[in-house]
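# Structural overview
Single-letter residue listing:
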Amino acid sequence: MRIKELMIYKNMEESGILQNMTVLMEECSKEVDKEDDKERLKELLFDSVNQLLELSVSHGFEGNLWHNYLTYLLASHENAYSTSCEIVGEVEGSINVAALHDFTIYKELYDYEFSKIEKALEVQCLSFLQDYKGSSRAGKVFNRRIRDRICSLGKNLAETENAEEFKTVMTQFYKEFGVGKLGLHKAFRVEHGENGTEIVPITRIAHVHLDDLVGYEIAKKKLIENTEAFVRGRRANNCLLFGDAGTGKSSSIKAILNQYYDQGLRMIEVYKHQFQDLNDIIGQIKNRNYKFIIYMDDLSFEEFEIEYKYLKAVIEGGLEKKPENVLIYATSNRRHLIRETFKDKADRDEELHTNDTVQEKLSLVARFGVTIYYGKPDKKEFQQIVLGLARRSGIDMPKEKLLLEANRWELNHGGLSGRTAQQFIDYLAGRE
């Protein structure tokens with residue numbers, strides 16, 4: 001097999017199985033007479049089978065494990081062709097010639113008959129890998145949605161007639177879903193690894209949708225309008241959702257991600273202590289074809305904390321312009337983000353340039369072009385939220401009794417809020 005001739009799809013992570021299997025394909029294409037050679041190749045084969053099985057468990061693969069493995073490599077490899085095609089589709093230029101050359105080699109790998117290896121080495125260990133029955137659960141690396149997407153792509157690639165059709169299918173996948181971790185996953189966190197600041201996928205996220213949030217129609221409308229402008233390439237603003245606790249601010253942002261993921265929206269969660277990494281994070285994503293929301297949950301600063309200065313510089317004010325594919329969405333219980341006390345007012349009498357100090361603290365909020373208020377519901381709104389959640393959860397209880405119990409619950413569990421209503425409905429559902 002000609003993997004050494006690959007021009008674009010080479011130097012891949014986790015390509016050890018591919019290299020071992022191509023060695024087996026080449027050596028088993030001729031007679032293997034010496035017993036020592038046969039034992040060496042058998043050992044290499046069983047090592048490769050072991051790695052394929054381990055990969056199937058960690059990623060949740062099933063079906064043809066060889067095809068799934070090759071598909072995983074193609075879907076994960078960020079290169080000159082795949083990153084050009086992500087979200088935008090087929091591109092023009094000579095890069096297509098190199099891509100077609102590589103896909104011709106991959107088509108040969110998909111079509112390879114493993115019976116040749118089994119016959120040459122007198123073993124029966126590969127047939128079951130072509131129709132592997134895994135557990136219904138997703139793996140640790142991929143959730144069920146991503147696992148199914150890879151397996152489906154593998155089947156489609158295996159059914160192609162030639163390299164041109166293979167290229168068309170692969171390019172369409174890049175257009176619809178992207179490539180690599182940024183294409184396959186929706187949400188990410190930031191960690192420090194051996195290579196410095198790393199963007200790491202979050203594999204388990206809440207599947208909340210905007211329709212699940214009862215009420216707050218005006219707030220949701222403002223959030224939708226700003227996000228739609230962003231994903232469609234129009235001008236949009238950084239967004240601050242502020243207001244009372246438990247009113248659905250964080251859930252609204254998670255719902256926005258779920259609603260616009262298939263249009264190229266991705267989200268990176270950043271904590272306050274990581275603000276000094278913001279420039280590194282933006283540097284890794286600014287030239288990709290996705291739209292990124294940097295998400296900061298429960299954002300607020302004590303008077304002695306200075307991390308807000310990193311945030312101010314990144315949002316607006318640094319020498320390097322913030323990329324057009326990056327916005328910042330934050331939630332906070334505080335309208336002005338930075339805590340002020342009566343002591344601050346007393347200190348102003350002693351400070352020569354009092355207004356400068358006040359303006360420095362307030363200027364952070366001014367850098368969020370859209371501010372959306374989420375207030376606590378009144379009694380009637382709370383009851384409407386309870387009724388809506390109960391109907392959606394299939395709670396069968398007379399209205400009067402339901403509202404009476406809901407009123408008792410909120411008195412003892414945090415007061416009137418959407419969170420309290422959801423907790424009450426969860427309590428009723430768990431009691432059945």
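Let us look at the structure shown here. Because the structure is predicted, anything quoted here is derived from the model rather than measured.

Let's shift gears to the environment of R391. Within the secondary structure, R391 is located in helix α16 (residues 379–393). Sequence separation between R391 and I425 is 34 residues, and the spatial gap between their C-alpha atoms is 9.9 Å.

Space inside the largest pocket adds up to approximately 740 Å³. Around the largest pocket, the lining is made up of 21 residues, and of these E13, S76, E78, G180 and K181 lie nearest the centre. Counting residues per element, the lining of the largest pocket draws most heavily on strand β2 (residues 196–202), which supplies four residues. Looking at side-chain class alone, the lining of the largest pocket contains nine nonpolar, seven polar and five charged residues.

Most of strand β6 (residues 326–332) sits inside the fold, with seven of its seven residues counted as buried. In β6, alternate side chains face the same way, and those of V326, I328, A330 and S332 on one face and L327, Y329 and T331 on the other are all buried. In terms of strand pairing, strand β3 (residues 239–243) meets β6 through four bridges, oriented parallel. In the strand pairing of β6, L241 is matched with T331. In the sheet, strand β5 (residues 291–296) pairs with β6 via five bridges, with the strands oriented parallel. Bridge assignment links I294 to a residue of β6, and that residue is I328.

What follows covers the nonpolar core. Core analysis: the biggest nonpolar cluster contains 87 residues, and W66, L74, Y106 and I117 have the highest contact counts within it. Here this core takes eight residues from helix α3 (residues 65–76), the largest share from any one element. Apart from the residues within four sequence positions on either side, Y106 is in contact with L6, Y9, M12, L18, L70, L73, L74 and F166. Formed by 26 residues, the second largest nonpolar core is a distinct cluster that contains A187, V208, L223 and I372.

Let's shift gears to helix α11 (residues 249–260). Between its first and last C-alpha, α11 extends 17 Å over 12 residues, near the 16 Å set by a 1.5 Å rise per residue. Most of α11 is tucked away, with nine of its 12 residues classed as buried.

Cut-off values and rules
- Residues numbered from 1 in each chain as written.
- Predicted model: local features only at pLDDT ≥ 70, side-chain atom pairs only at ≥ 80, totals over all residues.
- Heavy atoms only, no water.
- Helix = DSSP H or I, 4+ residues; strand = E, 2+ residues; numbered from the N terminus.
- 1 Å grid on protein atoms, 1.4 Å probe; cavity = no way out; pocket = protein on both sides within 12 Å on 5 of 7 lines; lining within 4 Å.
- Points joined across faces, edges and corners; volume = space filled by probe spheres on them.
- Nonpolar A, V, L, I, M, F, W, Y, C, P; charged D, E, K, R; others polar.
- Buried < 20%, exposed > 50% of the residue type's maximum accessible area, 1.4 Å probe, protein only.
- Pairing = 2+ DSSP bridges.
- Core = buried A, V, L, I, M, F, W, Y, C linked by side-chain atoms within 4.5 Å.
- Contact = heavy atoms within 4.5 Å.
- Expected span 1.5 Å × (residues − 1).

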